[in-house]
Amino acid sequence: MKTLTAINRRQFLSGMAVAGAGLALSPRDVFAQQAPGGASVKLTYWIENPAAPIVAAIKDHLITGFEQRYPNVKIELAAYPGSDFRRILPTALAAGTGPDVFNEFGASYLPPAIDGGYVLPLDDAVRKYGWDKKIWKWALESGRYKGKIYSVPTAYESVHLYYNRDLFDKNGWKPPTNWAELTVLCKDMKDKKLIPFAFGVRDRVSRWDWWLTYTFNAYAGNYLLWEVLSAKRPWTDPVIAEAINRLDQLWQAGYIMDKQTSALTHDDALGVWSNQDAVMLMDGTWRLSNAGILAKNFKWGITKLPMWRDGIKWTPAIGIGEILAINAKTKYQEQALQFMDRFFWDPKELGQWMHKVVGLFIPPIDMKREDFVKDASPEFVNTHLDLIESSRKGDFGFLMWTSWPAQTSKFQVENIDAVLLRKMTTKEYLEKSQEIFTKELKDGLVAPVPEPAR
Amino acid sequence: MAQAVPATAGPRDLRRMQRRLLGCAFVAPAIAVHLFVVGLPALAALGLSLTDWDGLRLPRFIGLANFDELIHRDGVFWQAFVNNLHWTAVFLTVPVALGLGTAVMISRASRLQTVYRVVFFLPYVFASVVVSRIFGFIYNPFYGVNKLFRNWGLGFLAQSWLGDPGIALYSVMAADVWHFWGFDMVVFLAALQQIDPSLYEAATIDGAGGWRRFRHMTVPLLRPTFGFILMMTALWSFLTFDYVYVMTGGGPAHSTELMATWIIGTAVEARRAGYASALAVTLTLLSSVIIVGFLYLRRRGVEV
């Protein structure tokens, strides 16, 4: 029988050398990647928002809660600015160094990664974890591509009217409810040397998607817009053309940032609103995170945006602003799915802290007023309860960054300033939109959008 | 009968071969690195320009379709090309004139020459992103230079510096010129200091005035410096990216778009890596025209 003493000195030393080299070269990996048998697993999770309060809240609540339930799994969080994220994530996925779990801005950004084989299909997990019973159907379906679900929605959002309540009260103004009221109000503000809407795109021209979202929904209405997005009507439809003309009217009159939208960043524009030189913002629900900080010297309010065409009732353009997906190459599928499930555990528990991560995490699940913690602002709670109700009834419009195919959206946001600056006609703009949309439709890149209630 | 070949090389030949091999050995690492970090990616870009690669899916060969789109349907690319030509024209004249004029004046200064040199060169050491941000504040239509103009009763001078497509490109150029011209000044100053002062003394004794000395002595003697500055400026102008990217993102309405910003936007934002490669190949070809032009001039005996 061979005994340990049978190992000679050379074998022993070489064995120790190999073991030592292994430990020295990659000590963390050796200990972190022992998944089976209860040893700890390290999951990497990437988000596209490096704001310190958001990162802290994600760590304190989302990750800590998960690690307490699954002590053998450690989450390593990496937070990148959105502009870097666009560049880094695809490169990392293609290089095989991508995260195990990652956020994205919306499902429309995923198809290239899905087709490249970098995203894990989730259909089995949807059933196993019961996400189909928790997540709003249309929101969950927005993650479907070529018949399979590849992402789950983790934040819904909309656009609203933020306004300076002090200036409104002082001047006897009321929030506008239709086109006529809006234009009269804007003119009055201009006459008083105030800028009606603060808005800037100098740092990111694609921010025009906020105003285009509002424009299309406000004039076309949600149902007609659904028909356009579903290829049942062309982009050259006269109603869509008139929607663009209305936006043009607002811009030419100087109601939107005094026609200086391209000369200012949106942070500059927010500064103008903060200094009370501008009265209103047409901004997203994510602005609830810092509207109070910006409005430090005045009371502010949030309300529904006015519709622009008679007979069009207000429906909030709701869309998915953040999704979660799993790297198909991850070694720890089960743990990644468990982490994904963390986002939908219990509405009451989520309601305790999700107001701290506005813009990154507001899962599209049914929540009641009593689910929200008391220190969440009334504006936050009321706005989201309204959106939950609209979603339940099917009274929703469409956000550009969620429901538009990528290239059509890119063309429209990058060229609307050409229309406003008379470098392109509305007709040319819509014809080119239709041409790109038709190509995307032919290439199977137009995702179905949920039909709203009539 | 065939001539006999010497069986062994002489000692001189061996030494020559040894020297050549030694030279090759010294250059080999640099060539290897260059091939790895420049040659291979360049070849890859050439190959990718013939595909519809989006960075993640498998690339599909589409022949010259990207170049067809670029030439016939991509109006933004040609606008960017024209903007690059404007940019080049301005940078071949304004900073060169400023740099040369200032260098001549400083070279004649008997005191504080180093101080002038440092002061005028200082903007060049600032990071372009910092300069872009500073000029972004200056151009702010509400709180920037416009406010000063209005306070001084010169409101008619207030402009939408970055918002008006007619002037936005020149506004961005102004920021870059402010940053860059000190470099030209230092290069010209260094060249001026190489000119033998006795030449000027002789010319002065012969009755040449200041202008004639400048025109018939300084300018011809600076010809190699002009050649270097003009060639580098032309190349850098075609590769300009940072100022536009930070200050305007190419807007409004692509009026400040340059070829480099359009390439990045196409590759990253639009995720069309194949098409962006075609744009990059075209940019390389257009830049090569400048190099070839300078090589041609050199072969014709022009000292550049």
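Parameters and conventions
Residues numbered from 1 in each chain as written. Chains lettered and ligands numbered in written order. Predicted model: local features only at pLDDT ≥ 70, side-chain atom pairs only at ≥ 80, totals over all residues. Helix = DSSP H or I, 4+ residues; strand = E, 2+ residues; numbered from the N terminus. Rg over C-alpha atoms; globule rule 2.2 N^0.38 Å. Buried ≥ 20, exposed ≤ 12 C-beta atoms within 10 Å, placed from the backbone. Contact = placed C-beta atoms within 7 Å. Pairing = 2+ DSSP bridges. Axes fitted to C-alpha atoms, helices over the stretch in contact; angles between N-to-C directions. Nonpolar A, V, L, I, M, F, W, Y, C, P; charged D, E, K, R; others polar. Domains from an automatic or database assignment. Bend = angle between axes of the 7 residues up to and from the residue. Expected span 1.5 Å × (residues − 1). Parallel < 35°, antiparallel > 145°, perpendicular 65-115°, else oblique. Left-handed = near helix turned anticlockwise from the far one by under 90°.

## Description of the overall build of chain A
Next, step 1: Helix and strand counts for chain A stand at 20 helices and twelve strands.
Next, step 2: Taken against the 2.2 N^0.38 rule, which gives 22 Å for 454 residues, the C-alpha radius of gyration of chain A at 25 Å falls within 12% of a compact globule.
Next, step 3: Along the three orthogonal principal directions, the C-alpha set of chain A runs to about 100 × 50 × 40 Å.
Next, step 4: When burial is assessed residue by residue, chain A has 44% of its 454 residues classed as buried.
Next, step 5: Taking contacts inside chain A between residues at least 6 apart in sequence as the whole, the part at least 24 apart equals 77%.

## Let's talk about the overall build of chain B
Next, step 1: A count of helical and extended segments in chain B gives 13 helices and zero strands.
Next, step 2: For chain B, whose C-alpha radius of gyration is 26 Å, the value lies well above the compact-globule estimate of 19 Å for 304 residues.
Next, step 3: A principal-axis box enclosing the C-alpha atoms of chain B has dimensions of 100 × 75 × 30 Å.
Next, step 4: Within chain B, buried positions represent 32% of all 304 residues.
Next, step 5: Counting only contacts in chain B whose residues sit at least 6 apart along the sequence, the fraction spanning at least 24 positions is 68%.

## Topic: the pairing of strand β10 (residues 300-303) of chain A
Residue and element names in this part refer to chain A.
Next, step 1: Because side chains alternate across β10, one face comprises the buried residues W300 and I302, and the other comprises G301 and T303, none of which is buried.
Next, step 2: Inspection of the sheet shows strand β7 (residues 159-164) paired to β10 by four bridges, in the antiparallel sense. Within β10, the residue paired with Y163 across the bridge is G301.

## Description of the sheet that holds strand β8 (residues 195-198) of chain A
Residue and element names in this part refer to chain A.
Next, step 1: Reading across from one edge, β8-β9-β7-β10 is the order of the four strands in this open sheet, with mixed pairing throughout. Looking at the sheet topology across the chains shown, the edges are occupied by β8 and β10. Within this sheet the neighbouring strands show an average axis-to-axis angle of 25 degrees, counted without direction.
Next, step 2: Where β8 and strand β9 (residues 278-284) come together, three bridges link them in parallel fashion. Note that in β9 the partner of I195 across the bridge is A278.

## Points about the interface of chain A and chain B
Next, step 1: Across the boundary between the two partners, chain A contributes 27 residues, which contact 22 residues of chain B.
Next, step 2: Residue assignment for the side of chain A that touches chain B shows that the elements contributing at least two residues are α4 (82-95), α5 (111-115), α13 (266-274) and α19 (406-420) of chain A.
Next, step 3: Of all the elements, α4(A) adds the most residues to the side of chain A that touches chain B, at five residues.
Next, step 4: Classifying every residue of the side of chain A that touches chain B gives 13 nonpolar, three polar and eleven charged.

## A look at the domain arrangement of chain A
Residue and element names in this part refer to chain A.
Next, step 1: Per the domain assignment, the segments of chain A are domain 1 (23-156 + 319-393) and domain 2 (159-315 + 404-442).
Next, step 2: Domain 1 puts seven residues into the contact, and the matching count from domain 2 is nine residues.
Next, step 3: Looking at the side of domain 1 that touches domain 2 residue by residue, the class counts come to two nonpolar, four polar and one charged.

## Quick word on the domain arrangement of chain B
Next, step 1: One can read the domain layout of chain B as domain 1 (12-39) and domain 2 (72-299).
Next, step 2: Of note, the centres of domain 1 of chain B and domain 2 of chain B, computed from C-alpha atoms alone, are 37 Å apart.

## Considering helix α1 (residues 11-48) of chain B
Next, step 1: Its axis deflected by about 40 degrees at L35(B), α1(B) carries its strongest bend there.
Next, step 2: In terms of residue burial, α1(B) counts as a barely covered element, since only one of its 38 residues are buried.

## Some thoughts on helix α12 (residues 238-252) of chain A
All names here are of chain A.
Next, step 1: Its 15 residues place the ends of α12 20 Å apart at the C-alpha level, agreeing with the 21 Å of an ideal helix rising 1.5 Å per residue.
Next, step 2: Summarising the contacts, the buried residues of α12 are in contact with α11 (208-229), α19 and α20 (426-442).
Next, step 3: One or two steps after α12, the chain reaches G254, where phi turns positive at roughly 80 degrees.

## Overview of the packing of helix α10 (residues 223-239) of chain B against helix α13 (residues 273-299) of chain B
Residues and elements named next belong to chain B.
Next, step 1: One way to put it is that α10 packs onto α13 with a least axis distance of 10 Å and a crossing angle of 175 degrees. What the angle tells us is that α10 and α13 run roughly antiparallel. Residues M231, A234, L235 and F238 of α10 touch α13, and the partners they reach there are L283, L286, S287, I290 and F294.
Next, step 2: Taken together, the residues of the contact of α10 with α13 break down into eight nonpolar, one polar and no charged.

## Looking at the packing of α1(B) against α13(B)
Residue and element names in this part refer to chain B.
Next, step 1: Where α1 contacts α13, the two axes come as close as 7 Å, and the packing angle between them is 115 degrees. Relative to α13, α1 is oriented so that their crossing is left-handed. Listed contacts from α13 to A45, L46 and L48 of α1 are A273, G274, S277, A280 and V281.
Next, step 2: When its residues are assigned to classes, the contact of α1 with α13 shows six nonpolar, two polar and no charged.

## A word on unusual backbone geometry
Next, step 1: In the segment running from G251(B) into P252(B), the intervening peptide bond is cis, with an omega of -5 degrees.
Next, step 2: Its identity is not glycine, yet R422(A) carries a phi of approximately 65 degrees, on the positive side.
Next, step 3: Inspection of the secondary structure puts R422(A) in the loop between α19 and α20.
Next, step 4: According to the C-beta neighbour criterion, R422(A) is exposed, with 11 such atoms within 10 Å.
Next, step 5: Even without being glycine, L112(B) reaches a positive phi, approximately 60 degrees.
Next, step 6: Looking at L112(B), the number of C-beta atoms within 10 Å reads 11, which means it is exposed.

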